[in-house]
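Structural characterization, general
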Amino acid sequence: MEQAVPIPYARTLAEARLYLALTVDEAAHEEPPVEGPEAWTVRSGGVEVLVPYASEAEARDEGERFGVGLSELIDPGQWRLAGAGYARRALADDLEYTEEPGDEGLFQRVVSGWEAAGDALGEALKFIPPGEDEVPAEAFWTEAGLAAREAEPDCFLRDRLAEDIAFYRQNLDDFRRLNG
């Protein structure tokens, strides 16, 4: 008898969506979340993730886009890569907005992009134990995460993550100052 693979839990809908984007073939279409008795089920390309209502509410209360505590779905290397991806999109949208100022939807995409970039790096930072200066090697469990650490180990130092978060926040502040 074949045992069913347990459905993984995400802390928030944002984390579930990012996990699916990192895990499922790009051609797959994410379906709208389905409400259950205690959690949403988010599906894409045959992959399902559960998001408990309680953890989503806790994250919103705490202002944590991706969730409170450590991710069990996305490792620090993937968070680093996701942060860089959000930053690239925010920069592209920022440049587009400069050419066509006044588009409120585009303005919000830029703001959201810079915020998500900083929040993603904040998730990688959570993996550093108190009193330590870097993400420990055992915190990486995915092929992409391990490759990111191998390629740029200095990117997982506490000071470097903090500097990069500050850089993303500064870009957001500059964008708002110039366009808000």
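It should be noted that the structure appears before, not after, this text.
Basis of the calculations
Residues numbered from 1 in each chain as written. Predicted model: local features only at pLDDT ≥ 70, side-chain atom pairs only at ≥ 80, totals over all residues. Heavy atoms only, no water. Helix = DSSP H or I, 4+ residues; strand = E, 2+ residues; numbered from the N terminus. Rg over C-alpha atoms; globule rule 2.2 N^0.38 Å. Axes fitted to C-alpha atoms, helices over the stretch in contact; angles between N-to-C directions. Parallel < 35°, antiparallel > 145°, perpendicular 65-115°, else oblique. Contact = heavy atoms within 4.5 Å. Nonpolar A, V, L, I, M, F, W, Y, C, P; charged D, E, K, R; others polar. Expected span 1.5 Å × (residues − 1). Polar contact = N/O pair within 3.5 Å; in protein donor to acceptor, adjacent residues only side chain to side chain. Pairing = 2+ DSSP bridges. Left-handed = near helix turned anticlockwise from the far one by under 90°. Patch = residues over 30% accessible without salt bridge, like charges linked within 9 Å, V, L, I, M, F, W, Y side chains within 5 Å. Areas by Shrake-Rupley, 256 points an atom, 1.4 Å probe, with all protein chains shown as cover. Salt bridge = Lys/Arg side-chain N within 4 Å of Asp/Glu carboxyl O. Lys, Arg positive; Asp, Glu negative; His and termini not counted. Charge placed at Lys NZ, Arg CZ, Asp CG, Glu CD. Buried < 20%, exposed > 50% of the residue type's maximum accessible area, 1.4 Å probe, protein only. Phe/Tyr/Trp six-rings, centres within 6.5 Å; stacked < 30°, edge-to-face > 60°.

We now examine the overall build of the protein. On a plain count of helices and strands, the protein comes out with six helices and three strands. In the protein, the succession of α and β elements from N to C terminus is α-β-β-β-α-α-α-α-α. Compactness check: the protein gives a C-alpha radius of gyration of 17 Å against a globular reference of 16 Å for 180 residues, within 12% of the reference. Projecting the C-alpha coordinates of the protein onto the three principal axes gives extents of approximately 60 × 40 × 35 Å.

We now examine the packing of helix α1 (residues 13–23) against helix α3 (residues 76–99). It is the contact of α1 with α3, at a shortest axis distance of 12 Å, that shows an interaxial angle of 95 degrees. Compared by their axis directions, α1 and α3 come out roughly perpendicular. Facing E15, L18 and L22 of α1, the residues of α3 in contact are Q78, W79, A82 and Y86. When grouped by side-chain class, the residues that make up the contact of α1 with α3 number five nonpolar, one polar and one charged.

Okay, α3 next. For α3, with 24 residues, the first-to-last C-alpha span of 35 Å sits near the 34 Å given by 1.5 Å per residue. The N-cap residue of α3 is D75: its side-chain oxygen and the backbone nitrogen of G77 are 3.1 Å apart.

Before going further, it helps to spend a moment on the sheet that holds strand β1 (residues 34–35). Here we have three strands laid out as an open sheet, ordered β1-β2-β3, and antiparallel in their pairing. Since the sheet does not close on itself, it has two edges, and those belong to β1 and β3 (47–52), each with one partner. Across six bridges, the pairing between strand β2 (residues 39–44) and β3 is antiparallel. Looking at the pairing, W40 lines up with V51 of β3.

To characterise two packed helices, one gives the angle between the axes of the helices and the distance between these axes. Interaxial distance between helix α4 (residues 104–125) and helix α6 (residues 158–179) falls to 9 Å at its minimum, and their mutual angle equals 165 degrees. The angle between α4 and α6 falls in the class roughly antiparallel. When you trace α4 past α6, the crossing you get is left-handed. Taken together, the residues of α6 that come into contact with α4 (itself represented by F107, V110, V111, W114, E115, A117, G118, D119, L121, G122, A124 and L125) are R158, L161, D164, I165, Y168, R169, N171, L172, F175, R176 and N179. The residue makeup of the contact of α4 with α6, split by class, is 13 nonpolar, four polar and six charged.

Turning next to a negative patch on the surface. Taken together, the side chains of E132, D133, E134, E152, D154, D159 and E163 define an acidic patch exposed on the protein surface. By secondary structure assignment, the location of D133 is in the loop between α4 and α5 (143–151).

This part covers the environment of W79. With respect to the helices, strands and loops of the structure, W79 is situated in helix α3. According to the relative accessible area criterion, W79 is buried, its value standing at 0%. Sequence separation between W79 and E123 is 44 residues; the distance between their C-alpha atoms is 6.5 Å. Not counting the four nearest positions on each side in its chain, W79 is found in contact with R11, E15, L18, F66, S71, I74, A120, L121, E123, A124 and F127.

Here the focus is the pattern of salt bridges. All told, the structure shown has 15 salt bridges when counted by the stated rule. The partner of R65 in a salt bridge is D119, and the shortest N-O contact between them spans 2.8 Å. Remark: D119 occurs in helix α4 and R65 occurs in the loop between α2 (53–62) and α3; sequence separation between them is 54 residues. Its relative accessible area of 22% is what places D119 among the partly exposed residues. Between D164 and R160 there is a salt bridge; the shortest N-O distance is 3.2 Å. Linking D164 with R160, this pair stays in helix α6, spanning four residues, or about one helical turn.

This part covers the packing of aromatic side chains. Per the counting criterion, the structure on display carries 10 aromatic pairs. Plain terms: the ring middles of Y97 and F175 are 5.4 Å apart, the flat faces sit at 70 degrees to each other, and that makes the pair edge-to-face. Linking Y97 in helix α3 with F175 in helix α6, this pair joins segments that are 78 residues apart in sequence. Exposure remark for F175: the relative accessible area of 1% places this residue in the buried category.

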